[in-house]
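Descriptive structure summary
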Amino acid sequence: MSETSLPPKFPLSRLVFYAAVVVIFVVAVLVGRQWLVGTGAPTPSSEATPSIPTIGGPFTLVDHDGNTVTDAAFRGRYMLIYFGYTYCPDVCPTALGATGEALDMLGEAGDSIVPLFITVDPQRDTPAALKDYVGHFHPRMVGLTGSAKQIVDVAKAYRVYFAKVVEEGADEDAYLVDHTAITYLMGPDGGFLTHFAHGTTPETMARRIRDYL
Ligand code: NI
């Protein structure tokens, strides 16, 4: 029986030892959590606008001179972006014409804006075809194409819908492409500023763009 009643000194120091281990563990967990919260928590500004979907984002495409370009190449300048295709019978020419006119109206104030035409028909819209096409609308307009996947990716980022339409009995190469006809204004940081619905007059576009410059 005497063996079970151990000297009181030994278990007490053990108890202190275990208590110290527990305290160190709890402190470590609390410090760790604090560190995680401090670095991983969303900032108040992003918490305030959780329901606004992002429009835009990184892209890698091929410009009308055949060079690979990313969105970063346009950082520091505004981007006026429109998605379409050179075979488009009327919607694209109307929209691009309005963009060109709006830029002319802005004059020097519009020099910081790069008009971009991104094709949704990379199969037919080669860099050379785009270069010839965009030149009709504005001397600074840049045509962008890419692989089928690159185009799908950039269209997704900008929430642009497009779908090939082959009419019955028509030549397979004579297809049309249904597409979203919105012009996007993106800021010098690449972030979305506003958009223009199809049919917006050049005057209205120029006036609204000026507010952002
Ligand atoms: Ni079009």
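What counts and how
- For every chain, the first residue of the written sequence is number 1, and numbering continues from 1 onward in sequence order.
- The model is predicted, so local features are restricted to residues of pLDDT at least 70 and side-chain atom pairs to those at 80 or more, both for listing and for counting; the totals for chains, interfaces and linings are taken over all residues.
- Only heavy atoms go into the side-chain values, all of them from the structure, while hydrogens and water stay out.
- Burial status follows relative accessibility: with a 1.4 Å probe on protein chains alone, a residue under 20% of its type maximum counts as buried, one over 50% as exposed, and anything between as partly exposed.
- Numbering of helices and strands starts at the N terminus; helices are DSSP runs of H or I of at least 4 residues and strands are runs of E of at least 2.
- The pairing criterion for strands is at least two bridges between them, as found by DSSP.
- The arc in question is the one spanned by the directions pointing from the helix axis to the C-beta atoms.
- Whether two residues touch is decided by their heavy atoms; if any such pair falls within 4.5 Å, the residues are in contact.
- A 2.8 Å cut-off from the metal defines N, O and S donors, relaxed to 3.2 Å for Na, K and Ca; water is not in the atom list, so some sites may appear incomplete.

Side chains Val-177 and His-179 of strand S7 (residues 176–179) all project onto a buried face; the interleaved residues Leu-176 and Asp-178 project onto a face where none is buried. Sheet analysis places strand S6 (residues 162–165) next to S7, joined by four bridges and oriented antiparallel. Counted as the bridge partner of Phe-162 is His-179 from S7.

Another aspect to go through is helix H5 (residues 148–157). Along H5, the residues that are buried comprise Ile-151, Val-154, Ala-155 and Ala-157. Projected onto a plane normal to the axis of H5, the buried residues spread over an arc of 160° and lie on a single side. Exposed residues lying more than 90 degrees from the buried face of H5 are Ala-148, Lys-149 and Lys-156. Tucked inside the fold, the buried residues of H5 contact strand S1 (60–63), strand S3 (78–84), strand S4 (113–119), strand S5 (142–145) and S6. With its phi angle positive at about 55°, Arg-159 sits one or two positions after the end of H5.

Right, let's talk about the pairing of S1 for a bit. Taking every second residue as pointing to the same face, the buried face of S1 carries Leu-61 and Asp-63, while none of Thr-60 and Val-62 on the other face is buried. The hairpin turn running from S1 into strand S2 (residues 68–70), its antiparallel successor, is four residues long, and Gly-66 in that turn takes a positive phi close to 90°. In the sheet, S1 pairs with S5 via two bridges, with the strands oriented antiparallel. Residue pairing for S5: Val-62 is matched across the bridge by Thr-145.

At the metal site, the nickel ion is ligated by Cys-88 (SG), Cys-92 (SG) and His-179 (NE2), and these contacts range over 2.0 to 2.2 Å. Of note, the donors binding the nickel ion are all from one chain and are spaced C-x3-C-x86-H. Within this pair, whereas Cys-88 is found in the loop between S3 and helix H3 (91–106), its partner His-179 is found in strand S7, the two being separated by 91 residues in sequence. Of the two residues examined, Cys-88 and His-179, each falls in the buried class.

Attention now moves to unusual backbone geometry. Backbone geometry places Arg-159, a non-glycine residue, at a positive phi of 55°. Secondary-structure assignment places Arg-159 in the loop between H5 and S6.

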